[in-house]
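An overview of the molecular structure
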Amino acid sequence: MLRSLIPTLLLSPLIWMAPFTAALAGQPLPSWRAGDARQRILAFVAAVTTPGAPGYVPPAERIAVFDNDGTLWSEQPMYIQLAFAIDRARELAAADPKLLESPAIARAVAPGHDTDLRSLGMAGILELVGVTHAGLTTEAFSAVVRDWFATARHPRTNLPYRAMVYLPMQELLAYLRSQGFRTIIVSAGGTAFMRVVAEELYGVPPEQVIGSLIKTEYVMKNGAVSIVRLPEPQLINDGAAKPQAIEALIGRRPQAAFGNSDGDFEMLEWTTAGDGPRLGVLVHHDDAEREVAYDRASATGRLDRGLSEASQRGWTVVSMRRDWQQVFPDS
């Protein structure tokens, strides 16, 4: 990315100065501190949106993709969707105690297991998701998720989960859209789960959310038709599956990709391998005071390979501690 971006910026000083002129006039990204990360984002946007510039990209082709967990909202001490699954499992088990005959369900709802479900393994987590996410129509599942978000709170901050989004990333999404970009969420989180709140929190409509999927069934009953969710995974949208899903569902290689973990590595790698100015960004959780500090050794949102290779690949590593003036909207 640097090899393609630097010549463009050097050959056209007006491109380099444009974002700073805009910053003085409209203050884009106000929660971002002045520094390399903010400067590179603004310079990239100027390079691809300035008519006549070598790296100019028509608005119809401007695409930026974002991971969700740990990139747009908090993922510690566990993924928000996993917290939803646990709460729903408790509710379902209270109504039907036979569910507790499943070791995975019993372990998930047991007191003290809220923050560490590694012992479940992938098979146990898939069973938990299957029990708690299936058996409902799309509309009914959305209603359940919406009701949960109305009252559920983060276990550490006691803030509503809706308040656990990152203000600087909300600003970035809005800024990119103001510059003609389509902003698309590409996450390992469940598509149907994220769609319930994506437009409210991020301004991203449901059709621009690409996530993991469970199988569904077309059902006609008593003259009514519906899509019913089944307890089987169809797609785990992580790692190399992310660029494959983008190619299949969008049909264009993005110009910019934003993530925070090694699960986003291939998405950034594929995005920045394209021609012209490209932007790959990793959010580094290094702020133990305002959020949580974690990277290489974390069981959730592990960032190891990406942190090691970001520099040589020309990716921008955003330090939450140094680059963000404010983390959460209500801070």
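Throughout what follows, the structure given in this document is the object of discussion. The structure displayed is predicted, hence computed values, not measured ones. (Residues numbered from 1 in each chain as written. Predicted model: local features only at pLDDT ≥ 70, side-chain atom pairs only at ≥ 80, totals over all residues. Heavy atoms only, no water.)

The tally for this structure, following the rule as stated, stands at twelve salt bridges. Here Glu 232 and Lys 215 are joined by a salt bridge, their closest N and O atoms 3.6 Å apart. Taken together, the residues span a long stretch of sequence, with Glu 232 in strand 4 (residues 224-235) and Lys 215 in strand 3 (residues 209-221) at a distance of 17 residues. Between Lys 242 and Asp 264 there is a salt bridge whose closest N-O contact spans 2.5 Å. With a gap of 22 residues between them, Lys 242 in helix 10 (residues 241-249) and Asp 264 in the loop between strand 5 (256-259) and helix 11 (265-272) connect regions that are remote in the sequence. (Salt bridge = Lys/Arg side-chain N within 4 Å of Asp/Glu carboxyl O. Helix = DSSP H or I, 4+ residues; strand = E, 2+ residues; numbered from the N terminus.)

Let us now look at the nonpolar core. In terms of nonpolar packing, the biggest core is built from 64 residues, with Met 169, Tyr 202 and Phe 258 touching the most fellow members. Looking at which element gives the most residues to this core, the answer is helix 9 (residues 191-202), with eight residues. Discounting chain neighbours no more than four positions away, the residues touching Met 169 are Trp 32, Phe 66, Thr 71, Leu 72, Phe 258, Val 283 and Trp 324. Core analysis: the second largest hydrophobic core is formed by 16 residues, Ile 210, Ala 257, Leu 282 and Ala 310 among them. (Core = buried A, V, L, I, M, F, W, Y, C linked by side-chain atoms within 4.5 Å. Buried < 20%, exposed > 50% of the residue type's maximum accessible area, 1.4 Å probe, protein only. Contact = heavy atoms within 4.5 Å.)

A few words now on the environment of Gln 244. Mapped onto the elements, Gln 244 comes out in helix 10. Classification of Gln 244 by relative accessible area gives exposed; the value is 56%. Considered as a pair, Gln 244 and Met 267 are 23 residues apart in the sequence and their alpha carbons are 8.8 Å apart.

Burial analysis of strand 6 (residues 279-284) places six of its six residues in the buried class, which makes it a mostly covered element. Covered by surrounding structure in strand 6 are Leu 279, Val 281 and Val 283 together with Gly 280, Leu 282 and His 284, the residues of both alternating faces. Judged from the four bridges that link them, strand 5 and strand 6 form a sheet pairing that is parallel. Residue pairing for strand 6: Ala 257 is matched across the bridge by Gly 280. Chirality of the crossover, the property in question, places the unit of strand 5, helix 11 and strand 6 among those that are right-handed. As paired elements, strand 6 and strand 7 (residues 316-319) share four bridges and run parallel to each other. Within strand 7, the position partnered with Leu 282 by the bridge is Val 317. In terms of handedness, the path from strand 6 via helix 12 (residues 305-313) over to strand 7 forms a crossover that is right-handed. (Pairing = 2+ DSSP bridges. Right-handed = clockwise from strand over helix to strand, strands pointing away.)

Quick look at the packing of aromatic side chains now. Under the definition given, this model contains 15 aromatic pairs. Aromatic side chains Trp 148 and Tyr 161 sit 5.1 Å apart centroid to centroid with 20° between the ring planes, which places their arrangement in the stacked category. Of this pair, Trp 148 sits in helix 7 (residues 138-151) while Tyr 161 sits in the loop between helix 7 and helix 8 (167-178), and the two are 13 residues apart along the sequence. The pair formed by Trp 148 and Tyr 161 is uniform in burial state, with each residue classed as buried. (Phe/Tyr/Trp six-rings, centres within 6.5 Å; stacked < 30°, edge-to-face > 60°.)

With respect to topology, seven strands assemble into an open sheet ordered 4-3-2-1-5-6-7, the strand pairing being mixed. The open sheet has two edge strands with one neighbour each: strand 4 and strand 7. The average undirected angle you get between the axes of adjacent strands in this sheet is 30°. Seen against the sheet, helix 8 touches strand 1 (63-66), strand 2 (182-190), strand 5 and strand 6 and runs at an angle of roughly 165° to strand 1. (Axes fitted to C-alpha atoms, helices over the stretch in contact; angles between N-to-C directions.)

Between its terminal C-alpha atoms helix 4 (residues 80-95) stretches 23 Å, which fits the 22 Å expected from 16 residues at 1.5 Å a residue. Of the positions making up helix 4, those classed as buried are Ile 80, Gln 81, Leu 82, Ala 83, Phe 84, Ala 85, Ile 86, Arg 88, Ala 89 and Ala 93. Of the surrounding elements, those touching the buried residues of helix 4 are helix 5 (103-109), helix 6 (121-133), helix 7, strand 2 and helix 9. (Expected span 1.5 Å × (residues − 1).)

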